[in-house]
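Observations on the three-dimensional arrangement
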Amino acid sequence: MDKIVIKDLEVDAHIGVTESERAQPQRLLITVELERDLTEAGRTDAEASTARYDLVAEMIHKTIAQRPRKLVEAVAHEIAEIILSHQMAPAVTVEVKKFSIPRCQYVSVQVRRTR
């Protein structure tokens, strides 16, 4: 299956298990892979034959801004569900990177969902 990949979209989120951790926004990097057939888009050069990745990025930002969350797992799940509910792809993989552990590059959660 073909893929559209948005790699390391930077967002600020109120996230963390403790209230003090959620008090200040934290930087997250989000990677989304939309699995879909891109044959028609490649053949016709028609925007209607693909997913608008600018809209995907906008949906991610809006989803993150809606409310604080405790877990990056919840962020990944919600992003995947919103993409699928808008029928932007039949399958999506979402990776969320968080920078909260000292002496560690990052912690990430990756989920794959299908409709």
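Residues numbered from 1 in each chain as written. Predicted model: local features only at pLDDT ≥ 70, side-chain atom pairs only at ≥ 80, totals over all residues. Heavy atoms only, no water.

Let's talk about unusual backbone geometry
Despite not being glycine, aspartate 8 has its phi angle at roughly 55°, a positive value. In this fold, aspartate 8 is placed in strand E1 (residues 3-13). Assessed through its relative accessible area of 28%, aspartate 8 is described here as partly exposed. The phi torsion at glutamine 87 lies on the positive side, around 55°, for a residue other than glycine. With respect to the secondary-structure elements, glutamine 87 resides in the loop between helix H4 (72-85) and strand E3 (91-98). (Helix = DSSP H or I, 4+ residues; strand = E, 2+ residues; numbered from the N terminus. Buried < 20%, exposed > 50% of the residue type's maximum accessible area, 1.4 Å probe, protein only.)

As for the nonpolar core
Judged by nonpolar contacts, the single largest core of 31 residues is most densely connected at Ile30, Val32, Leu34, Ile60, Ile79, Ile83 and Val94. Put simply, the parts of the chain that give this core at least two residues each are E1, strand E2 (26-35), helix H3 (53-65), H4, E3 and strand E4 (107-114). With seven residues, H4 is the single largest residue contributor to this core. Here isoleucine 60 is in contact with Leu9, Val11, Ile30, Val32 and Ile79, once residues within four sequence places are set aside. (Core = buried A, V, L, I, M, F, W, Y, C linked by side-chain atoms within 4.5 Å. Contact = heavy atoms within 4.5 Å.)

A short note on the packing of H3 against H4
When two helices pack together, their arrangement is given by the angle between their axes and by how far apart the axes lie. Contact pair H3 / H4: the axes reach a minimum separation of 10 Å and the direction vectors enclose 135°. Taken together, the axis directions place H3 and H4 in an arrangement best described as oblique. Between H3 and H4 the crossing geometry is right-handed. In this structure, H3 uses Val56, Met59, Ile60, Thr63 and Ile64 to contact H4, whose residues at the interface are Val75, Glu78, Ile79, Ile82 and Ile83. Split into classes, the residues belonging to the contact of H3 with H4 amount to eight nonpolar, one polar and one charged. (Axes fitted to C-alpha atoms, helices over the stretch in contact; angles between N-to-C directions. Parallel < 35°, antiparallel > 145°, perpendicular 65-115°, else oblique. Left-handed = near helix turned anticlockwise from the far one by under 90°. Nonpolar A, V, L, I, M, F, W, Y, C, P; charged D, E, K, R; others polar.)

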